[in-house]
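# What the coordinates show
Okay, here's what each chain looks like letter by letter:
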Amino acid sequence: MISNLIAGISLGSIYAIIALGYTMVYGIAKMLNFAHGDVIMVGGYMCFCATFYLGLPPLAGVLLAVVVCTLLGVTIERLAYKPLRSAPALAVLITAIGMSYFLQNAALLLWTANPKTFTSIVGYGSIQMGDVHITHVAMVTIAVCVVIMVALTLFTNKTKMGTAMRAVSEDKGAAQLMGISVNRTISLTFAIGSGLAAIAGVLLCSAYPMLVPTTGSMPGIKAFTAAVFGGIGSIPGAMLGGILLGVIEIFSKAYISQELSDAIVFAVLIIVLLVKPAGLLGKQVSEKV
Amino acid sequence: MAMLEVKDLHVYYGLIHALHGISFEVNEGEVVALIGANGAGKTTTLHTITGLLQAKGGTVVFDGQDITRKPGHAIVRLGISHVPEGRRVFSNLTVAENLQMGAYTRPKGEVAGSLEEVYEWFPRLRERKNQAAGTLSGGEQQMLAMGRAMMSRPRILLMDEPSMGLSPLFVGEIFKIIEKVSAAGTTVLLVEQNAKKALSIADRAYVLETGTIGKSGKASELLNDDAIKKAYLGE
Ligand SMILES: Nc1ncnc2c1ncn2[C@@H]1O[C@H](COP(=O)(O)OP(=O)(O)O)[C@@H](O)[C@H]1O
Ligand SMILES: [Mg+2]
């Protein structure tokens, strides 16, 4: 029971970190970046390459993954989304889906469809306390998630850049009148979201070591679900949604059905959205005219 | 040379031709009113000056520098501050955070002093500094929008219908503050539908009629102009 809870929180922490990227980008750029899940996969491969082919220490692998994904996220925004800044939402959505397939196919070309076996960056140890069993990966994942949450909350609430980000998410025109560069703020958001995706990728692959070009898809969709569950655009919502989703998923797997667990997760989402259409912590705001 | 010169400005919304080549100027130290009916193009004019809209033709010159194609976020650094129509305060940010955003372009060390100044101008804002801006009344939000614009220490303040939707008490207060801002040395370009009020504090005025400048002149003369009285002063 407690082991499952911790496993659920750990999986949920990964979803939460990914969901932060979705929710921040949505909050600022008002778009769903469906390529976000595939940035996770790129992060996984980067860390894999650094440690397996180059023989670098795990921490260097994480660093490389973060740097590459941050640049990748900013580049994707510049090349694919920025030209569509005033295009209809549907055009942007389709572009994002296209970008997702592009990244998957590029990975297929570079690394083939043969699964790579990722070596956990913190090894495979675990601790046993009575009948509670916790892996090192789970402990590190939860700790990293807590650090990210605290850091991001402080950043958005206490710093000038963070306040400017909140201003842009509310009213781009008024923010621009203050002298805030909307383009730079959007780039920064993509940079943060993609850097976090790299970390999520490394943690994910440490827990589930099979790495293929579609590795990011399912966690990406689950994390997007988590972001909606918590209230898209809300940072605490993404954290809460992610962790709840992870816990629900692990508990359904353990106590109800291995096969139906995803269906149960989505059923819970639908029920929550029926009761609270804006998500758990989402603000009920009417669209501005 | 005028501080702000708008020359032959053409602005479109898609195919809609909103400004048909308007020209006007504002000299240092003046209060200039831009009046006109709803839909005449007053907001469009201000948006084009501060880069929220791009002109198709014509120029905006500030202090001898052509700023027509300057990116919007760079304009406030030149000393032009814009209080937009409908106030547009950041409702999820606190009053203090809104004011800090107003000083976004200024060095960190100078912000506290300006904040103190704005709180002296608007004591109500100090009382509510930790409150979310969205919880303020309309008049308080207008004060916040003005205070926020003053935080950049502008040389010219553009104001778009500051009296819109306010009770007469607040309107009087806002206009008093505009006069104080002007007396303190800030140039003012005031857009108003409340023409009587605007003309009573302005030095000069321009009348905008569906995208073109109609009459212009001394505010005191326009106040006594029969056609203006009929069309805009409800007399
Ligand atoms: N976003 C927009 N899209 C299309 N037309 C617009 C838009 N904003 C304003 N207009 C049109 O441009 C003209 C001028 O509008 P505006 O500058 O808002 O007038 P004012 O501020 O004087 O009331 C009006 O005819 C208005 O319908
Ligand atoms: Mg207007």
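The structure this text deals with has already been given above.
Residues numbered from 1 in each chain as written. Chains lettered and ligands numbered in written order. Predicted model: local features only at pLDDT ≥ 70, side-chain atom pairs only at ≥ 80, totals over all residues. Heavy atoms only, no water.

### Some details on the site of ligand 1
Residue and element names in this part refer to chain B. Every residue near ligand 1 is listed here: Tyr13, Ile16, Ala18, Ala37, Asn38, Gly39, Ala40, Gly41, Lys42, Thr43 and Thr44. Between an oxygen atom of ligand 1 and a main-chain N or O atom of Gly41, the distance comes to 2.9 Å. A distance of 2.8 Å is found between an oxygen atom of ligand 1 and a backbone nitrogen or oxygen belonging to Lys42. Compared with its free state, where it exposes 560 Å², ligand 1 has 61% of that area covered by protein. In terms of residue count, helix 1 (residues 42-49) provides more of the shell around ligand 1 than any other element does, 3 residues in total. Residues that form the shell around ligand 1 fall into these classes: 5 nonpolar, 5 polar and 1 charged. (Near = heavy atom within 4 Å. Polar contact = N/O pair within 3.5 Å; in protein donor to acceptor, adjacent residues only side chain to side chain. Areas by Shrake-Rupley, 256 points an atom, 1.4 Å probe, with all protein chains shown as cover. Helix = DSSP H or I, 4+ residues; strand = E, 2+ residues; numbered from the N terminus. Nonpolar A, V, L, I, M, F, W, Y, C, P; charged D, E, K, R; others polar.)

### Quick notes on the coordination of the magnesium ion (ligand 2)
All names here are of chain B. Only Thr43 (OG1) and Glu85 (OE) from the protein reach the magnesium ion (ligand 2) as donors, at distances of 2.0 to 2.1 Å. Of this pair, Thr43 sits in helix 1 while Glu85 sits in the loop between strand 6 (80-83) and helix 3 (95-102); the two residues are 42 residues apart in sequence, bridging distant segments of the chain. Given a relative accessible area of 31%, Glu85 falls into the partly exposed group. (Donors = N, O, S within 2.8 Å, 3.2 Å for Na, K, Ca; no water. Buried < 20%, exposed > 50% of the residue type's maximum accessible area, 1.4 Å probe, protein only.)

### Details of the pairing of strand 7 (residues 156-160) of chain B
All names here are of chain B. Counting buried residues along strand 7, 5 of its 5 residues qualify, which places the element largely inside the surrounding structure. Residues Ile156, Leu158 and Asp160 of strand 7 are buried on one face, and the alternating residues Leu157 and Met159, pointing to the opposite face, are buried as well. The pairing of strand 6 with strand 7 spans 4 bridges and is classified as parallel. Paired with His82 across the strands is Leu158, a residue of strand 7. Of the strand pairs in this sheet, strand 7 and strand 8 (residues 187-192) are connected by 5 bridges, and their pairing is parallel. Paired with Leu157 across the strands is Val188, a residue of strand 8. Taken together, strand 7, helix 7 (residues 168-183) and strand 8 constitute a β-α-β crossover, and its handedness is right-handed. (Pairing = 2+ DSSP bridges. Right-handed = clockwise from strand over helix to strand, strands pointing away.)

### Structural notes on the pattern of salt bridges
In this structure the tally under the stated criterion is 17 salt bridges over all chains. Salt-bridge contacts for Asp63 of chain B lead to Arg155 of chain B; the nearest nitrogen and oxygen are separated by 2.3 Å. Placement of the pair is Asp63 of chain B in the loop between strand 4 (57-62) and strand 5 (65-66) and Arg155 of chain B in the loop between helix 6 (138-150) and strand 7, with a sequence separation of 92 residues. Look at Asp63 of chain B and you get partly exposed, because its relative accessible area is 38%. Here Arg155 of chain B falls in the partly exposed class, since its relative accessible area comes to 29%. Within the structure, one salt-bridge network assembled from shared partners comprises Lys222, Glu249, Lys253 and Asp262 of chain A. (Salt bridge = Lys/Arg side-chain N within 4 Å of Asp/Glu carboxyl O.)

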